[in-house]
Amino acid sequence: IIGLSDNITYIISEFSNSISAIGLGTYTYLPMSAQEITSKLAQIAINLASGFVSTIPILLLDIVIYLYATYYFMSHGPEIINSVKDYASTLPKEDEKFISSIIKGLQKSFDVLILSYVTMSFITTVFSFIGYYIFGVPYAFLLAILTGLFGFLPVFGTWMVYVPAAAYMYYIGNTIAAGGIMVFGVLIL
């Protein structure tokens, strides 16, 4: 970010010098305000990046909790349901029917939720592969799989893959592909 800021500052100062050389010296102060804007934008970007880095431990903790809870409920789900049913059997008959209907509803909801997440993850994988392939991103298939996986995890999102892919394409000098990936990621993924 700082290197990019230095490049923009250099371009602005060259532009300012060109304006002075042409004889339009009274307008040379205008690009200098752009230089100040560039330094402010660089500072904002650095603050955002450091803010994200400081939240990484919390994100990792969220992932561990999510994975543990998912594993626990998948491995011990029948035991949990049996415990709730045993508790419901000690209640009056109308409460037992109510709890039983809640359990059945939760089971159906969980099944639909998992199926919809898996389906959306698969669709995201296919669309991201098409987008990465069109824009010439190296390892498009692997990145598409990672995009689908990050789209499946509720803590993360697809941006965790397409933003670095766009940054890489910009870094290697393919700015059109970088912009295309960002637009594709924001609008479609």
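Residues numbered from 1 in each chain as written. Predicted model: local features only at pLDDT ≥ 70, side-chain atom pairs only at ≥ 80, totals over all residues. Heavy atoms only, no water.

Chemist: Please clarify how the nonpolar core should be interpreted in this entry.
Modeler: The tendency in soluble globular proteins is for nonpolar side chains to be buried side by side. Counting residues in hydrophobic clusters, the biggest one holds 13 residues, and the most contacted among them are Tyr132, Val137, Leu143, Ala165, Met169 and Ile181. Those elements that provide at least two residues to this core are α5 (140–152), α6 (159–171) and α7 (175–187). The residues touching tyrosine 132, leaving out its near neighbours within four places in the chain, are Val137, Ala140, Leu143, Ala144, Thr147, Val161, Tyr162, Ala165, Ile181 and Leu189. (Core = buried A, V, L, I, M, F, W, Y, C linked by side-chain atoms within 4.5 Å. Buried < 20%, exposed > 50% of the residue type's maximum accessible area, 1.4 Å probe, protein only. Helix = DSSP H or I, 4+ residues; strand = E, 2+ residues; numbered from the N terminus. Contact = heavy atoms within 4.5 Å.)

Chemist: Would you mind showing me how to read the packing of α5 against α6 here?
Modeler: Two numbers describe how α5 lies on α6: the axes approach to 8 Å, and their chain directions differ by 145°. Together, Leu143, Leu146, Thr147 and Phe150 of α5 and Met160, Val161 and Ala165 of α6 make up the contact between the two elements. (Axes fitted to C-alpha atoms, helices over the stretch in contact; angles between N-to-C directions.)

Chemist: What is the right way to look at helix α4 (residues 93–134) in this model?
Modeler: Note that an α-helix has 3.6 residues per turn; residues three or four places apart therefore point the same way. Over its 42 residues, α4 extends 61 Å from the first C-alpha to the last, a length consistent with the 62 Å expected when each residue adds 1.5 Å. Listing the buried residues of α4 in full gives Ile99, Ile103, Ser121, Thr124, Thr125, Ser128, Gly131 and Tyr132. On its buried face, α4 is in contact with α3 (77–89), α5, α6 and α7. Positive phi appears at glycine 136, one or two residues downstream of α4, with a value of about 75°. (Expected span 1.5 Å × (residues − 1).)

Chemist: Before we go on, may I ask you to explain the environment of isoleucine 145 in this structure?
Modeler: By the secondary structure assignment, isoleucine 145 is in helix α5. Considered as a pair, isoleucine 145 and valine 161 are 16 residues apart in the sequence and their alpha carbons are 9.8 Å apart.

Chemist: I keep staring at the packing of aromatic side chains and nothing clicks. Help me out?
Modeler: Any aromatic ring pair is given by two values, namely how distant the centres are and how the planes are angled relative to each other. Summed over the entire model, instances satisfying the criterion amount to four aromatic pairs. An angle of 25° between the planes, with centres 6.2 Å apart, marks the rings of tyrosine 68 and tyrosine 72 as stacked. In this pair, tyrosine 68 and tyrosine 72 both sit in helix α2 (residues 29–75), four residues apart, roughly one turn of the helix. Summarising the aromatic geometry, the rings of tyrosine 117 and phenylalanine 152 are spaced 5.9 Å apart at their centres and angled 85° between planes, so their arrangement reads as edge-to-face. Linking tyrosine 117 in helix α4 with phenylalanine 152 in helix α5, this pair joins segments that are 35 residues apart in sequence. Members of the aromatic cluster, connected to one another through ring pairs, are Phe129, Tyr133 and Phe141. (Phe/Tyr/Trp six-rings, centres within 6.5 Å; stacked < 30°, edge-to-face > 60°.)

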